[in-house]
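The primary structure of each chain is shown beneath.
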Amino acid sequence: GAVVSQHPSWVICKSGTSVKIECRSLDFQATTMFWYRQFPKQSLMLMATSNEGSKATYEQGVEKDKFLINHASLTLSTLTVTSAHPEDSSFYICSARDPPGVEQYFGPGTRLTVT
Amino acid sequence: AQSVTQLGSHVSVSEGALVLLRCNYSSSVPPYLFWYVQYPNQGLQLLLKYTSAATLVKGINGFEAEFKKSETSFHLTKPSAHMSDAAEYFCAVSPAPGGADGLTFGKGTHLIIQP
């Protein structure tokens, strides 16, 4: 089946620094990847849609300058949290669609803690 | 625009009893509907999906769901609960066709299995 990986699985960084999270589709080419954010014991909120070779589409209320998304290849999308603050601490999950299927395959998530 | 409402943030059933997790959706266009399961500190695993074919959808681990347009519902059921079913369950909607959009999730239902 379709497998999506994320790296790192958890990261701790200091306030003001930047951190990059990678999302890879391991056995399929994903023209579209998605980034979600999940607060403790809450649902997933879509942050942005990442399309290979083009700019990401951000959901309303998501700061594009803070959450930089790059989808440079058909198997890799990256999310960079810039100038991280403690309120950015969260569980970040990516997903990818394996066309022509409609379901999304989710990565295992990245736990970000900003101190 | 679409939205998902999951009734009951926590559902507790005895092992061997029927599992019923409720999901109602709102969509301005014909929807694709999904149920995902999430175990602690993990990503999401697809249980089943509705993509406008059969209204009764069978998924993995003995789960099934029925799409009822008149009730705008997509409830998840399993005839006999197992201890390993204890997890967080999310209902999600995406506008059809194509599945190129991100998913809108419900708030989730925590399923507790009593021995």
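Report on the accompanying structure. (Residues numbered from 1 in each chain as written. Chains lettered and ligands numbered in written order. Predicted model: local features only at pLDDT ≥ 70, side-chain atom pairs only at ≥ 80, totals over all residues. Heavy atoms only, no water.)

### Quick word on the overall build of chain B
So, step 1. Broken down by element type, chain B carries zero helices and twelve strands.
So, step 2. Moving toward the C terminus, one meets the helices and strands of chain B in the order β-β-β-β-β-β-β-β-β-β-β-β.
So, step 3. Radius of gyration (C-alpha) of chain B: 13 Å, near the 13 Å computed for a compact globule of 115 residues.
So, step 4. Each principal axis of the C-alpha atoms in chain B carries an extent, and together these give about 40 × 30 × 20 Å.
So, step 5. In chain B, buried positions account for 45% of the 115 residues. (Helix = DSSP H or I, 4+ residues; strand = E, 2+ residues; numbered from the N terminus. Rg over C-alpha atoms; globule rule 2.2 N^0.38 Å. Buried < 20%, exposed > 50% of the residue type's maximum accessible area, 1.4 Å probe, protein only.)

### Side note on the interface of chain B and chain A
So, step 1. Of the residues lining the interface, 21 residues belong to chain B; the matching set on chain A comes to 19 residues.
So, step 2. Contact between chain B and chain A buries roughly 1500 Å² in total, counting both sides, with carbon and sulfur atoms accounting for 57%.
So, step 3. For the chain B face of the interface with chain A, the top three residues by lost area are Leu44(B), Leu103(B) and Phe105(B), together amounting to 26%.
So, step 4. Across the chain B-chain A interface, the total number found is one salt bridge.
So, step 5. Put simply, Glu103(A) and Lys49(B) hold a salt bridge, and the shortest N to O gap is 3.3 Å. (Contact = heavy atoms within 4.5 Å. Buried area = accessible area lost by both parts, 1.4 Å probe. Salt bridge = Lys/Arg side-chain N within 4 Å of Asp/Glu carboxyl O.)

### As for the environment of Phe106(A)
So, step 1. Within the secondary structure, Phe106(A) is located in strand 10 (residues 104-106).
So, step 2. Between the alpha carbons of Phe106(A) and Lys41(A) there is a distance of 18 Å; along the sequence they are 65 residues apart.
So, step 3. Not counting residues within four places of it along the chain, the set of residues in contact with Phe106(A) comprises Val4(A), Tyr36(A), Leu44(A), Ile93(A), Cys94(A), Ser95(A), Tyr36(B), Leu44(B), Leu103(B) and Phe105(B).

### Focus on the pairing of strand 8 (residues 64-68) of chain B
Residues and elements named next belong to chain B.
So, step 1. Of the two faces of strand 8, the one lined by Ala65 and Phe67 is fully buried and the one lined by Glu64, Glu66 and Lys68 carries no buried residue.
So, step 2. Direction of pairing for strand 7 (residues 56-58) relative to strand 8: antiparallel, over a ladder of three bridges. Bridging across to strand 8, Leu56 finds its partner in Glu66.
So, step 3. Count of turn residues in the strand 7/strand 8 antiparallel hairpin: five residues, of which Asn61 carries a positive phi of about 60 degrees.
So, step 4. Summarising the sheet, strand 8 and strand 9 (residues 73-78) pair through five bridges and their orientation is antiparallel. Among the inter-strand pairings, Ala65 is bridged to a residue of strand 9, identified as Leu76. (Pairing = 2+ DSSP bridges.)

Functional significance is not addressed by these values, which are geometric in nature.
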